[in-house]
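# Per-entry structural report
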Amino acid sequence: MADTPTPCIAAEAFQRRLLNWFDQHGRHDLPWQTPRSAYRVWVSEIMLQQTQVATVIPYFERFMARFPTLEALAKAPQDEVLHLWTGLGYYARARNLHKAAQIALHEHSGALPTESVEALMALPGIGRSTAGAIIAQSTGQRAAILDGNVKRSLTRLHAIAGWPGKPAVERELWALAEYYTPKTRLADFTQAMMDFGATLCKRSKPDCPLCPFNDVCRAYAQGEPQRFPESKPKKALPQRETIMLMLSDREGRVWLAQRPPSGLWGGLWSLPQFETHAALNDWLEDHVVAPERHAALPSFTHTFSHFRLVITPQPVSCDRLGGIREDGVWYDVNHPPSLGLAAPVKALLSQRVPFALDPTPGPSR
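First, a word on scope: everything that follows refers to the structure included in this document. (Residues numbered from 1 in each chain as written. Predicted model: local features only at pLDDT ≥ 70, side-chain atom pairs only at ≥ 80, totals over all residues. Heavy atoms only, no water.)

With respect to the helices and strands, the residue V56 is situated in helix α3 (residues 53-66). The spatial distance from the C-alpha of V56 to the C-alpha of T181 is 26 Å, given a sequence separation of 125 residues. When sequence neighbours within four positions are dropped, the list of residues in contact with V56 reads W32, M47, L48 and T51. (Helix = DSSP H or I, 4+ residues; strand = E, 2+ residues; numbered from the N terminus. Contact = heavy atoms within 4.5 Å.)

Let us now look at the packing of aromatic side chains. Here the structure, examined in full by the defined rule, presents 14 aromatic pairs. Between W21 and F196 the ring centres are 5.8 Å apart and the planes differ by 90°, which places this aromatic pair in the edge-to-face class. In this pair, W21 sits in helix α1 (residues 11-25) while F196 sits in helix α11 (residues 186-200), placing the two residues 175 residues apart along the sequence. Comparing W21 with F196, the two get one shared label, buried. (Phe/Tyr/Trp six-rings, centres within 6.5 Å; stacked < 30°, edge-to-face > 60°. Buried < 20%, exposed > 50% of the residue type's maximum accessible area, 1.4 Å probe, protein only.)

Let us now look at the nonpolar core. In terms of nonpolar packing, the biggest core is built from 61 residues, with W42 and F63 touching the most fellow members. For this core, the leading source of residues is helix α2 (residues 38-48), giving eight residues. In this structure, W42 is in contact with L70, L73, L97, A100, A101, L112, I126 and I134, ignoring residues within four places of it in sequence. Membership of the second largest hydrophobic core comes to 37 residues, among which are V150, L154, F196 and L200. (Core = buried A, V, L, I, M, F, W, Y, C linked by side-chain atoms within 4.5 Å.)

Here's what the structure looks like:
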């Protein structure tokens, strides 16, 4: 294994120990495991990116109830897909899922191309690890995975220095993942690798005394397993500001506009945004009949992965809009339509009528 740390344990011994642990302590009753299909595994893997299992389960079950097949997903309106994704965040995942389903329907006879990792990676939103998970769990073919949990576990087992996101470190981890992946029990082994990192070799409090590898783990031998993996070098997040117009009519409906297909909150429905109050006033003058401006609500911050957005909600009431605007809808909070909403918009609208939505996603599986 050139340019790769020497494995801390032989592949066969690693597989035997991990699967023995999984048989006793792994998760065997997840909804995407029964029945297990490429489509169900794919949807679950996309949902599980950046999100905890407990959070994903109710979303997955609702999603499957509405879109039980790839064809049903491909033929659904994007608004409905985004509506069922509301609250999970990282909405590009949902847009890519929908687009990939459409490609699979028209170019792959309505099925995911599970003949190879490369074929799956050609679809939007499917990377190497996700492709491996789909193939291993749905077909039993040999394919390695390297999600966040696996990266953490392998980094600790081998005390690998450096942030795992660096290309050189990631290459080392992929080589180890390939080395340890067996030729049999692929579905169980793949789930075991995920479960091991999520429930035992955890980010902040690894249960090292219970670990089946504590006699060979190099980070544990050094007495500082939590030092691994090294964190991504931090950069100060830039800050932006926006004014969100909460325009309501005499019936209490709120005006929403659909965001462009790509970019921030792509395809979701949001309150109109303005950089300045002058720009907001110009819009009101052009499009609103008899606007009545009210005191601005307290500003709050919504944090994205690459910047912070300071939002100032500005309530305005009116009789009606001047003319027909095709890029928006009057949203009745008492009888809400099935639209995908940007998270801060959902929070602002919920102040008018509470939403019965699931908890926000967490950082890991």
